[in-house]
There are 2 protein chains.
Amino acid sequence: MSIQEIDIDTEELIKETAKKIFFGEGRFKATTQEIADAAGVNRTLINYYFRSRNNLFEIVFEDAQTKEISIAEQIIFSDLPFHQKIEKYLDLFFEQAKKYPYLEIYMVTQMNQGSCFKDPDTMNRMLDKFYLEIALEMEKGNIAKMRPEQFMLNLISLTSFPVSMRPLLQESMGMSNEAYDVLVDERKKVVMDTLFK
Amino acid sequence: MSIQEIDIDTEELIKETAKKIFFGEGRFKATTQEIADAAGVNRTLINYYFRSRNNLFEIVFEDAQTKEISIAEQIIFSDLPFHQKIEKYLDLFFEQAKKYPYLEIYMVTQMNQGSCFKDPDTMNRMLDKFYLEIALEMEKGNIAKMRPEQFMLNLISLTSFPVSMRPLLQESMGMSNEAYDVLVDERKKVVMDTLFK
DNA sequence: TTTTGCGTTAACAAAAATGTCAAACATTAA
DNA sequence: TTAATGTTTGACATTTTTGTTAACGCAAAA
C-alpha cells in the first residue's frame, strides 16, 4: 500500500504530465522531450508505454472526452431540481477549470487535426433528457423561451469561454492576474443571473 | 492596373493562405510545406518573404490582433445607440466568423507559446469608453446590473464560443453541419434576448 | 543462486521540417 | 541591348523531433 503510493506508476505519470502541459498550460505543440523532461523520465519511455507520440495524444484526448461526459452524467442523472443542477454544473466546471483551463481548446485543436468523438450515443441520450427538463423550465417561466439547444449553448459559452480564452481576454482587457481571478470568481453568480429570470 | 490585379502579390498570397489555414481551418501546426502547397508556391518563398516560419506566425498573429481591434473601433466609436452597437457588433462578428472561425483560438494558442499583445493602450481607452456606456445602460434599466466587465464577457462569450468551439460542440451535441448552421444563424437573436431585458 | 521478465537507459537510425545558397529567370531602367 | 534589380527555383545543409534497438539493472520467481 505505502509502497504503491511512493513508487510511481510511470505510465500514469507520463499521462498526467501530458495532461498538465496540454490542458493545464495550453502548450499544444510540446515535444515528447519536453513532456518527458516535465515528468522527469527518459524520453523513450513515452515510446515504451505509448508506442508513438500521436498515440499518447489520442489517449489523452479520449481521457478528456471521458472526463467531459462524466461531468455531464453527474449533473443530468442527479435528482436535483433544475436550478440546482445548473449550480452544481457551475461548481464542477469551475473546479476543473482551475486545473485544466484549456481542456476544451485542446479538444477542438485535436479534432481539427483528425481526432473524433467515439461515443456520441451516450451523450445524445443525456442531452435529450436534459432538453426536456429545459423545455419544462421554460414552461414554468423560470428561464427565457428559446430552443433548448440555445439554452445549452448559452450555459456552456458563459462559463467556458472566459476560462479557456483567458490569455486573450485578460490581455485585451488589460487586467492583472489577480483582477481576472476575481472576475472568474464572480462568474458563477453572473451566469446564474443571466440564465434565470 | 489590370496587370497588378492579375499578377498575384506572392507575399500577400502566402499571408492570406496562412490565415486561411490557421484562422479558417484551425490547422495550427501546419508546416511551411503545407502552407506553400496550399498557396501554390515554392516553399522557400516563405523564407524569402518572411525569413522564418516563426516570423510568419508572428506577423499573422499581429494581423489578427489588428483585425480584432479594428472591429472594436468600428463599433465603439460609431454614434449608434447602445442597443444598435451591440447588434452591429454581432453582425460584424458573425460575418468574420464565417471566414475565420478559429481566429480567437489561434490567438490563445499563440499566446500560450509566448506571443503577446503589442498595444494594450488603444484597447484600454476603448474599453473604458464602452464600460461607461454599459453602466449608463444599466442605470436606464435596459440590461441587468453587473460589473461592466462581466457584461462584456457575456457578450463575447455568447457570440464567440459557439463558433470557435464548433467541432467540439457540434459533435458532442450530435448535430449535422446543416443543423448547426441553423443554430448559429439563430444566435444573433438569442444573444440579444439574453443580454437585454 | 540462477533465471525470467519488466522497466529503464543510451546510442543510434530515420524521418520530418526548417533554413541557406547560388543559379536561373523575369522585368524594368538605362 | 545591356545592366540592374527583384523574384523564383532546386539542391543542399542543418536542425529538430521521433522511433528503434540492444544492453543494463533490478526485483521476484524458480
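Source: prediction; values computed, not measured.

**Topic: the overall build of chain A**
When its secondary structure is counted, chain A shows eleven helices and zero strands. Each helix and strand of chain A, ordered N terminal to C terminal, gives the series α-α-α-α-α-α-α-α-α-α-α. Projected onto its principal axes, the C-alpha positions of chain A cover 60 × 45 × 40 Å. Across the 197 residues of chain A, 53% fall into the buried class. Long-range pairs, those at least 24 residues apart, make up 67% of the contacts in chain A with a sequence separation of at least 6. The average position of the 24 basic charges and that of the 32 acidic charges among the side chains of chain A differ by 3 Å.

**As for helix α8 (residues 120-139) of chain A**
Along an α-helix, residues three or four positions apart point the same way, because every turn accommodates 3.6 residues. Under the 1.5 Å per step criterion, the end-to-end length of α8 of chain A is 28 Å for 20 residues, consistent within 8% with the ideal 28 Å. Among the residues of α8 of chain A, T122, M123, M126, L127, F130, Y131, E133, I134, E137 and M138 of chain A are the ones counted as buried. Lining the buried residues of α8 of chain A we find α5 (53-76), α6 (82-99) and α9 (148-164) of chain A together with α10 (166-172) of chain B. Immediately downstream of α8 of chain A, the backbone of G141 of chain A shows phi near 85°, a positive value.

**Considerations on the UniProt feature "domain: HTH tetR-type" (unreviewed entry) in chain A**
UniProt's entry tags residues 8-68 of chain A with the feature "domain: HTH tetR-type" (unreviewed entry), counted in the numbering of this structure. The span residues 8-68 of chain A is 75% helix and 0% strand, and its two end C-alpha atoms sit 26 Å from each other.

**With respect to the packing of aromatic side chains**
Tallied over the full model, the rule gives 23 aromatic pairs over all chains. One aromatic cluster is present, built from ring pairs that chain together F22, F23, F28, F57, Y100 and Y106 of chain A.

**Some remarks on the protein's contact with DNA strand C**
Taken together, the neighbourhood of DNA strand C is formed by 13 residues, with T10 and Y49 of chain A together with T32, R43 and R53 of chain B sitting nearest. Put simply, 56% of the atoms of DNA strand C that lie within 4 Å of the protein are in sugar or phosphate. N42 of chain A places a side-chain nitrogen or oxygen 3.1 Å from a phosphate oxygen of DNA strand C. Y48 of chain A has a polar side-chain atom sitting 2.9 Å from a phosphate oxygen of DNA strand C. Listing elements by their share of the surface near DNA strand C, those giving two or more residues are α4 (44-50) of chain A together with α4 (44-50) of chain B.

**Section: the protein's contact with DNA strand D**
The immediate surroundings of DNA strand D are formed by 13 residues, with T32 and R53 of chain A together with T10, T44 and Y49 of chain B found nearest. Restricting attention to atoms of DNA strand D within 4 Å of the protein, one finds that 57% of them are sugar or phosphate atoms. N47 of chain A places a polar side-chain atom, nitrogen or oxygen, 3.4 Å from a phosphate oxygen of DNA strand D. A distance of 2.7 Å separates a phosphate oxygen of DNA strand D from a polar atom in the side chain of Y49 of chain B.

**Focus on the relation of the copies chain A and chain B**
With an RMSD of 0.0 Å, chain A superimposes on chain B once it is rotated by 180° and translated 0.0 Å along the axis. Each copy turns onto its partner about a two-fold axis. For chain A, the smallest separation between a C-alpha atom and the rotation axis is recorded for S157 of chain A, amounting to 2.7 Å. When the interface residues of chain A are mapped onto chain B, 100% of them are again interface residues, pointing to one common binding face.

**A closer look at the packing of helix α2 (residues 10-24) of chain A against α5 of chain A**
Residue and element names in this part refer to chain A. Between α2 and α5, whose axes approach to 10 Å, the crossing angle comes to 75°. Between α2 and α5, the angle is such that the two are roughly perpendicular. Contacts between α2 and α5 pair K15, A18, K19, F22 and F23 from the former with L56, F57, I59, V60, D63 and A64 from the latter. Tallied by class, the residues present in the contact of α2 with α5 amount to eight nonpolar, no polar and three charged.

**Brief notes about the pattern of salt bridges**
Under the counting rule described, the total for this entry stands at 26 salt bridges over all chains. Residues D63 of chain A and K19 of chain A are paired through a salt bridge, measuring 2.8 Å at the closest nitrogen-oxygen approach. In this pair, D63 of chain A is assigned in helix α5 and K19 of chain A in helix α2, connecting sequence segments 44 residues apart. Since its relative accessible area comes to 25%, D63 of chain A is described here as partly exposed. Residue E34 of chain B pairs with R27 of chain B through a salt bridge whose shortest N-O separation is 3.5 Å. Among the ionic contacts, a cluster of salt bridges with common partners joins K15, E16, K19 and D63 of chain A.

**Details of the interface of chain A and chain B**
Chain A puts 53 residues into the contact, and the matching count from chain B is 54 residues. Summing the contributions of chain A and of chain B, the shared interface buries around 4700 Å²; its carbon and sulfur component is 66%. Applying the counting rule to chain A against chain B returns two salt bridges. For the interface between chain A and chain B, the tally reads twelve residue pairs in polar contact (both at pLDDT 80 or more).

**Details of the confidence of the model for chain A**
Averaged over all residues, the pLDDT of chain A equals 94, while 96% of them reach at least 70. Low confidence marks residues 1-6 of chain A, where pLDDT is under 50. Its contacts with residues over four positions away, or in another chain, come to zero contacts.

**As for the packing of helix α6 (residues 82-99) of chain B against helix α9 (residues 148-164) of chain B**
All names here are of chain B. Orientation of α6 relative to α9, taken along the N-to-C sense of each, is 25°, at an axis distance of 10 Å. When the axis of α6 is compared with that of α9, the two are roughly parallel. Both α6 and α9 take part in a crossing whose hand is right-handed. Within the contact between the two elements, α6 uses F82, I86, Y89, L90, F93, F94 and A97 and α9 uses F151, L155, I156, T159, S160 and V163. Taken together, the residues of the contact of α6 with α9 sort by class into eleven nonpolar, two polar and no charged.

Procedures and definitions
- Position numbers for residues start from 1 in each chain and track the written sequence from start to end.
- For naming, the first written chain is A and the first written ligand is 1, with later ones following in the order written.
- Only residues with pLDDT of at least 70 are given local features in this predicted model, and only at 80 or more are side-chain atom pairs given and counted; all residues enter the totals for whole chains, interfaces and linings.
- Hydrogens and water molecules were not included; the side-chain quantities draw on all heavy atoms of the structure.
- Helix and strand assignments come from DSSP, with helices taken as H or I runs of at least 4 residues and strands as E runs of at least 2, each series counted from the N terminus.
- Only protein chains enter the area calculation, which uses a 1.4 Å probe; residues under 20% of their type maximum are buried, those over 50% are exposed, and those in between are partly exposed.
- In this description, contact between two residues means that some pair of their heavy atoms is separated by no more than 4.5 Å.
- Positive charge is attributed to Lys and Arg, negative charge to Asp and Glu, and no charge count is given to His or to the chain ends.
- The atoms used to mark charge sites are NZ of Lys, CZ of Arg, CG of Asp and CD of Glu.
- Multiplying one less than the number of residues by 1.5 Å gives the expected span of a helix.
- UniProt positions are given in the numbering used here, feature names are shortened, and annotations may be inferred rather than shown by experiment.
- Any two rings among Phe, Tyr and Trp, with Trp reduced to its six-membered ring, count as a pair given centres within 6.5 Å; such a pair is stacked if its planes are under 30 degrees apart, edge-to-face if over 60, and tilted if neither.
- The rule for a residue being near a molecule or strand is that one of its heavy atoms must lie within 4 Å of it.
- Here a polar contact is recorded for every N or O atom pair within 3.5 Å, except that within protein the pair must consist of a potential hydrogen donor and a potential acceptor, and residues adjacent in sequence are included only if both atoms are side-chain atoms.
- For the least-squares superposition of copies, only C-alpha atoms count, and only for residues with pLDDT at least 70 in both.
- To obtain each axis, a line is fitted to C-alpha atoms, and for helices this fit is confined to the stretch in contact; angles are then taken between N-to-C directions over 0 to 180 degrees.
- Every angle not falling under 35 degrees, over 145, or within 65 to 115 is termed oblique; those three ranges are roughly parallel, roughly antiparallel and roughly perpendicular.
- Residue classes follow a fixed rule: Ala, Val, Leu, Ile, Met, Phe, Trp, Tyr, Cys and Pro count as nonpolar, while Asp, Glu, Lys and Arg count as charged, and any other residue, Gly among them, counts as polar.
- Salt bridge, as used here: a side-chain nitrogen of Lys or Arg that lies within 4 Å of a carboxyl oxygen of Asp or Glu.
- When two parts are put together, the accessible area they lose, computed with a 1.4 Å probe and summed over both, is reported as buried area.
- pLDDT gives the predictor's per-residue confidence on a scale running from 0 to 100.
- Left-handed describes a crossing in which the near helix is turned anticlockwise from the far one by less than a right angle; the clockwise case is right-handed.

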